[in-house]
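A look at the structure
If you want the building blocks of each chain, they are given just below.
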Amino acid sequence: MLITAFIFGLISSFHCIGMCGPIALMLPVDRNNQARKVIQILSYHTGRLTAYGIIGLLFGLLGKGFYFAGLQQKLSLFLGILMIVVMLTPYKTVAQYNFSKPILNLISKLKKVLGSHFKKKNNSSLFIIGFLNGFLPCSMVYVALFGAVAMQNEIYGLYYMLLFGLGTVPMMSSVTYLYSVLTVSFRNRIQKIIPIVGVAIGFLFILRGMGIGIPYLSPSNISLFIQNKPNCH
């Protein structure tokens, strides 16, 4: 199931171009020194991955609570269905509901700090820009978090979000070089693939929750992370 995180990150990164692409284009990188530019871009992505890892760890812990409550299969079914519903709901409809209102003031402060670091050109500032960017609201990140919760383990939740973040790195890096090549029509065609991938991942989580006895994919008893019997010799 972890590999689905990387695939989803890779595909959803085309959505990120529209949302976070402007931030990537505005990064205070050295345009004259290509070697330094690469290091600065990697610093930015390291910050984003750190943020995703922290979020994945927290949501993995949340999923672990459901695991110990014996709700692991129901949780996987619910999150799979929720993922499919979100993916099939038009983006404009989802955008009408601002799920970030309770933390709107915090987000406003994050944006102010983010703006102040755009005036600097050192690696630490680029790391902070990436780190803060990782906490900004994003529908694709929300969907990835469903997967992190379904992992039902804090370490696997961390891995899930890290792999999701790694999937976005190639496109988010190339945007600083190829943004003019990525035409609107090309990006629109890729956007149509995102719901298909999201729905496919949702079905995998539903299949996993059904427990129909397929090894690794849909085990009859979901005990993927904790052994039922002690292995003592």
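Given the structure is predicted, the values throughout are model-derived calculations rather than measurements.

As a further point, take the overall build of the protein chain. For the protein chain, the count of helices and strands is 10 helices and zero strands. Beginning at the N terminus, the succession of helices and strands in the protein chain can be written as α-α-α-α-α-α-α-α-α-α. Counting across all 233 residues of the protein chain, residues that qualify as buried make up 45%. Sequence-distant contacts, at least 24 apart, represent 80% of the contacts inside the protein chain between residues at least 6 apart. Carbon and sulfur atoms form 69% of the exposed surface of the protein chain, whose accessible area is close to 12400 Å².

Time to look at the packing of aromatic side chains. Remark: the centre distance and the inter-plane angle together describe each pair of aromatic rings, the angle taken between the planes. Inspection of every chain in the model, using the stated rule, returns six aromatic pairs. With a centroid separation of 6.5 Å and 50° between ring planes, the pair formed by Y160 and F205 is classed as tilted. One end of the pair, Y160, is in helix 8 (residues 154–178); the other, F205, is in helix 10 (residues 193–210), and 45 residues separate them in sequence. Considered together, Y160 and F205 belong to a single accessibility category, that of buried residues. Within the aromatic cluster, the residues linked to one another by ring pairs are F8, Y52 and F164.

So, on to the pattern of salt bridges. By the definition in use, this model includes one salt bridge. Of the charged contacts, one joins E154 and K64 as a salt bridge, the two residues approaching to 3.2 Å between their closest N and O atoms. With E154 in helix 8 and K64 in helix 2 (residues 34–68), this pair connects stretches of sequence that are 90 residues apart. Exposure remark for K64: the relative accessible area of 21% places this residue in the partly exposed category.

In the Ramachandran plot, Q152 falls in the positive-phi region, its phi being about 55° despite a non-glycine side chain. By the secondary structure assignment, Q152 is in the loop between helix 7 (139–150) and helix 8. Judged by relative accessible area, Q152 falls into the buried class, the value being 1%.

Here we take up empty space enclosed by the protein. For the structure shown, the criterion picks out one cavity of 30 Å³ or more. Reported here for the largest cavity is a volume of approximately 30 Å³. In terms of lining residues, the largest cavity is bounded by F8, M83, V143, A144, Y160 and I201.

This part takes up the nonpolar core. In terms of nonpolar packing, the biggest core is built from 30 residues, with F8, M161 and F164 touching the most fellow members. Counting only elements with at least two residues in this core, the list comes to helix 1 (2–26), helix 2, helix 3 (72–88), helix 7, helix 8 and helix 10. When residues of this core are assigned to their parent elements, the largest contribution, nine residues, is made by helix 7. The residues contacting M161, other than those within four sequence positions of it, are Y52, G56, V141, A144, L145 and A148. Grouped together as the second largest cluster of nonpolar side chains are 11 residues, L114, F118, L126 and M172 included.

Definitions and limits used
Residues numbered from 1 in each chain as written. Predicted model: local features only at pLDDT ≥ 70, side-chain atom pairs only at ≥ 80, totals over all residues. Heavy atoms only, no water. Helix = DSSP H or I, 4+ residues; strand = E, 2+ residues; numbered from the N terminus. Buried < 20%, exposed > 50% of the residue type's maximum accessible area, 1.4 Å probe, protein only. Contact = heavy atoms within 4.5 Å. Areas by Shrake-Rupley, 256 points an atom, 1.4 Å probe, with all protein chains shown as cover. Phe/Tyr/Trp six-rings, centres within 6.5 Å; stacked < 30°, edge-to-face > 60°. Salt bridge = Lys/Arg side-chain N within 4 Å of Asp/Glu carboxyl O. 1 Å grid on protein atoms, 1.4 Å probe; cavity = no way out; pocket = protein on both sides within 12 Å on 5 of 7 lines; lining within 4 Å. Points joined across faces, edges and corners; volume = space filled by probe spheres on them. Core = buried A, V, L, I, M, F, W, Y, C linked by side-chain atoms within 4.5 Å.

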